[in-house]
Amino acid sequence: MHSEVKRSVCPYDCPDTCGLRVELIADKAVRVSGDPEHPFTRGTLCPKMAHYERTVYSPQRLTQPLLRSGEKGSGQFRAVTWDEAIARISNRWKELIDHFGAETILPYSYAGTMGIVQRNCGESFFNRLGASRLARTICSAAKGYGWASVMGETLAPHPDEVKRSDLIILWGTNALATNIHFVRNVREAKKHGAVVWLVDTYETPTAKLADKVLCVRPGSDGALALGLMHILVREGLQDQKFLDDYVQGFQAFRKECINDFSPQKVSQITGIEISQLEELALQYARARAPFISLGSGLSRYGNGAMTVRIITCLPALVGAWSKPGGGLLTSISSKVISSASVVREDFLQSPTRVVNMNQLGFALTELTNPPIKSLYVYHSNPAVVAPDQNQILKGLRREDLFTVVHERFMTDTARYADIILPATSSLEHADLYRSYGSYVIQKAAAVIPPLGAAKSNWDVFKLLAQSMDFQEPYFKQSTEDLIDQLIESSSSWLSQEEREKLSEGHPVELKLPADYKMTFRTLSGKIELYNPQEPDPLPRYIEPHGDKAPFFLMSSPNLYSLNSSFNEREDLLKKKKTAYLLMNVEDALVKNLNDLQQVLAFNERGEVKFILKTTTKVPRGVVVTEGLFWNENSKTSSVNALTSQRLTDRASASTLYDVKVDVRGGE
Ligand SMILES: Nc1nc2c(c(=O)[nH]1)N[C@H]1C(S)=C(S)[C@@H](COP(=O)(O)OP(=O)(O)OC[C@H]3O[C@@H](n4cnc5c(=O)[nH]c(N)nc54)[C@H](O)[C@@H]3O)O[C@H]1N2
Ligand SMILES: Nc1nc2c(c(=O)[nH]1)N[C@H]1C(S)=C(S)[C@@H](COP(=O)(O)OP(=O)(O)OC[C@H]3O[C@@H](n4cnc5c(=O)[nH]c(N)nc54)[C@H](O)[C@@H]3O)O[C@H]1N2
Ligand code: SF4
Ligand SMILES: [Mo]
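Residues take numbers from 1 onward in each chain, read along the sequence in its written order. A letter from A marks each chain and a number from 1 marks each ligand, given out in the order of writing. Side-chain atom pairs in this predicted model are given and counted only at pLDDT of 80 or more, local residue features only at pLDDT of at least 70, and totals for whole chains, interfaces and linings cover all residues. Values reported for side chains reflect all heavy atoms of the structure, with hydrogen atoms and water molecules removed beforehand.

K.L.:
Which residues make up the side chain of glutamate 278, and what values go with them?
P.N.:
The numbering of helices and of strands both runs from the N terminus, where a helix is a DSSP run of H or I of at least 4 residues and a strand a run of E of at least 2. Looking at where glutamate 278 falls in the secondary structure, it is placed in helix H11 (residues 274-286). Think of a polar contact as two N or O atoms within 3.5 Å of one another; within protein, one of them needs to be a possible hydrogen donor and the other a possible acceptor, and neighboring residues in sequence only count if both atoms come from side chains. At a separation of 2.7 Å, a polar atom in the side chain of glutamate 278 contacts the side chain of arginine 234.

K.L.:
Can you explain empty space enclosed by the protein? Please cite residues and give values.
P.N.:
Think of a 1 Å grid over the protein atoms and nothing else: a 1.4 Å probe that fits but is trapped marks a cavity, an open set flanked by protein within 12 Å on at least five of seven lines marks a pocket, and residues with an atom within 4 Å of a point count as lining. Grid points are joined across faces, edges and corners, and a volume is the space filled by probe spheres set on the points. Counting across every chain of the model gives 4 cavities of 30 Å³ or more. In this structure, the largest cavity occupies an estimated 130 Å³ of space. Forming the boundary of the largest cavity are 16 residues, of which Cys10, Cys14, Cys18, Cys46 and Lys48 lie nearest the centre. Contributions of two or more residues to the lining of the largest cavity are made by helix H5 (175-178) and helix H6 (180-191). Either an automatic procedure or a domain database provided the assignment from which the domain bounds are taken. Each of two domains, domain 1 (4-56) and domain 3 (141-330), supplies a minimum of three residues to the lining of the largest cavity. The computed volume of the second largest cavity comes to approximately 80 Å³. Along the walls of the second largest cavity sit Ala579, Val608, Phe610, Thr625, Gly627, Leu628, Phe629, Ser634, Thr636, Ser637, Ser638 and Val639, which together make up its complete lining. When its residues are assigned to classes, the lining of the second largest cavity shows 6 nonpolar, 6 polar and no charged. Only Asp, Glu, Lys and Arg are considered charged in this grouping, and only Ala, Val, Leu, Ile, Met, Phe, Trp, Tyr, Cys and Pro are considered nonpolar; every other residue, Gly among them, is considered polar.

K.L.:
For the site of ligand 3, give the residues involved together with the corresponding values.
P.N.:
Contacts to ligand 3 come from Cys10, Cys14, Asp16, Thr17, Cys18, Leu45, Cys46, Lys48 and Met49. A molecule is said to be in a cavity or pocket once over half of its atoms fall within 2 Å of that pocket's grid points. When each cavity is represented as a set of grid points, ligand 3 is found to reside in the largest cavity. Broken down by class, the residue content of the shell around ligand 3 amounts to 6 nonpolar, 1 polar and 2 charged. Here, proximity means that at least one heavy atom of the residue falls within 4 Å of the molecule or strand.

K.L.:
Mind laying out the confidence of the model for the protein chain, listing which residues take part and the relevant values?
P.N.:
For the protein chain, per-residue confidence averages 97 on the pLDDT scale, and 100% of positions sit at 70 or higher. Every residue carries a pLDDT, the predictor's confidence in it, which falls somewhere between 0 and 100. Put simply, helix H22 (residues 631-634) is where the protein chain has its lowest mean pLDDT, 76, and strand S15 (residues 374-378) is where it has its highest, 99.

K.L.:
Residue-level account of unusual backbone geometry, with values.
P.N.:
A cis geometry characterises the amide bond from asparagine 369 onward to proline 370, with omega recorded as -10°. Looking at the element boundaries, proline 370 is found in the loop between helix H14 (360-365) and S15. Of note, the phi angle at lysine 577 is positive, near 65°, even though the residue is not glycine. On the basis of relative accessible area, lysine 577 is assigned to the exposed category, the value being 59%. One non-glycine residue, serine 652, adopts positive backbone phi at about 50°. Position of serine 652 relative to the elements: it lies in the loop between H22 and strand S27 (660-665). Between buried and exposed lies partly exposed: a residue is buried under 20% and exposed over 50% of the maximum accessible area for its type, with that area taken using a 1.4 Å probe on protein chains only.

K.L.:
Describe the environment of aspartate 200, listing the residues and the values that go with them.
P.N.:
Relative to the assigned elements, aspartate 200 resides in strand S9 (residues 195-200). Sequence separation between aspartate 200 and glycine 606 is 406 residues; the distance between their C-alpha atoms is 26 Å. Whether two residues are in contact is decided by their heavy atoms: any pair within 4.5 Å suffices. In this structure, aspartate 200 is in contact with Gly172, Thr173, Leu214, Cys215 and Val216, ignoring residues within four places of it in sequence.

K.L.:
Can you break down the sheet that holds strand S2 (residues 19-25) residue by residue, with the values?
P.N.:
The rule for pairing is simple: two strands pair if DSSP sees at least two bridges between them. The strand order across the open sheet formed by 3 strands is S1-S2-S3, and the pairing between neighbours is antiparallel. Edge positions in the sheet fall to strand S1 (3-9) and strand S3 (28-34), since each has one partner strand and no second. Adjacent strand axes in the sheet meet at a mean angle of 30° when their direction is disregarded. Both S2 and S3 contribute to a ladder of 6 bridges, which runs antiparallel. Its bridge partner lying in S3, leucine 20 is registered against glycine 34. Orientation is described by lines fitted to C-alpha atoms, with helices fitted over the stretch in contact, and by angles between N-to-C directions that extend from 0 to 180 degrees.

This is how it looks when you write it as structure tokens:
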């Protein structure tokens, strides 16, 4: 039979944003592969997306609107038409708005799809409605804040820069699982002799890539960075010319921030041997072009923003920015395409209440004036991914909470819905994608028709707008119209020809100015070790929150899933196996626990079953689990039954790794 190939883009929350080739036979996607013409990902995909068609055509896909017919959470539903589902939602919302005001409605969304339109279009609808707003800070807000407090809006280094580095620090990033195309660049640098250090809380799978591994005590990386800077300044290895010309506040920083972070003190705080501190500091200072790739893990602590702020000072001390191959890459947030035209802040009649997404449990059970009476969840699975699961589930069980979930699958969140709306997969709707790991932008058209009655996020908001009697012509536009406006808004960055290429679905890479790495977009025009805009103008080490329990709990990503996505896939679940808890062999001995026995990790918030794996790759006092499971397939709570709703020092982000537990054997 005749087959054709169309381009698409991976929609998931992953820095790589791979270009896809979708092979179609009679409107059916039969094979998904990498697009060799994509400038960054160049034709390879991760194991999750290599069979994306299995997700798209999964027998578990939701294909029609459903109305709850049993107890909340029982998973019993009956099919209804779209007309009935939408009418029920808008009627209920109108009643609730009359009684409580529109802020009684809380939208909850995050990153099921990273497409600019489908990810953000709900904001325009809820702004117009006057609903509560959601602070979408679960992932990397503190990391972004820490970077910006030193570098402002300076453009991040291109990911190819690392190929020319001779000393690479992979800092709090399990890149072999989460950023595989960047790893390819690191491998290339290694071929040319680069030395790779990994700084993490345990020997992650990425340790395979590293020449040296430093296991740091969770939440103490700020002290580590201060210690490294102390040593290199003690040795007089700072780049004084660079500091004089391009950096604000080095003398004050030297005197007040790094002076008393001696190797002895830092070793005590971080658990790292003095000799290792000295070795890394000297290698970093003497490298021709040192490069740091900074992950988000270390920013998800009570001191997360400050930790990132301190680490971001490091390259300035050695003038890494002026060297081809040097710098620090945390995240690429190109301002080339703004989402303003789909967020429509101008629809807000007055500033509405903001609810933090990391405190959903609190919002559903304790918030008043007005209480949350309706929750609308789309492209997120808060019952599994958000902290303090038990309090969230308590909220979701409330009989008086009207919950609507727009989803592709029967997730743990969807189980608690009063109404479920079926969502399209990325092959069934159009969008425009920018990446946070490269400077490539790409549009993807819909390449197959929607499965069953599934609809895209924007198409549902259009129906809701009509049913809520919104008159704005804005809500009559097609997804294509919105994409065209976004592309148009990039005219100061992209030429006419580039915009045409983009409209036709080709990947387009932003051309960076030759001096972009040395153009510091801060208020002072310099790198701001001293930042007078900050409540504390100089960075200082602060401690993480911690808990009163013996083990720090790391819940890191897994190669075979992405947050709670891909749990629908039998093939990937088989590889992911089960929820293991990795523990140091000596800790297990002291606790009288055996390899592969069932254990319970617990703290004051909850308890979760795991299969114990004893190992020497995890230091004492730390336990690790990799990947999130649906409660339904793991038959236990999500690891987030243990995490807390506490927020970071700045930017109100999550503190998902700043949590301690105890462990015991048992059913
Ligand atoms: N303990 C712990 N918790 C974590 C993390 C961790 O490392 N440890 N990681 C955190 C991080 S970094 C993040 S970013 C968050 C992520 O949290 P979420 O953004 O909630 O991510 P997912 O679990 O992938 O859930 C996305 C859901 O969106 C659905 N979906 C996909 N496409 C569409 C669409 O087009 N429309 C609609 N309506 N639905 C769609 C998918 O089926 C999926 O169920 O989780 C956080 N939670
Ligand atoms: N396969 C796969 N890919 C993914 C995801 C996934 O779940 N699976 N998630 C996606 C998402 S939403 C995101 S945000 C990105 C995240 O990608 P990155 O931000 O690059 O971070 P991760 O690779 O998640 O790794 C976080 C690491 O931080 C470590 N860590 C925790 N606490 C500390 C600490 O105090 N100090 C140090 N030094 N390290 C610490 C953890 O052990 C873990 O190895 O990856 C994306 N890609
Ligand atoms: S999840 Fe990441 S690595 Fe995998 S295909 Fe998507 S963008 Fe590429
Ligand atoms: Mo994330």
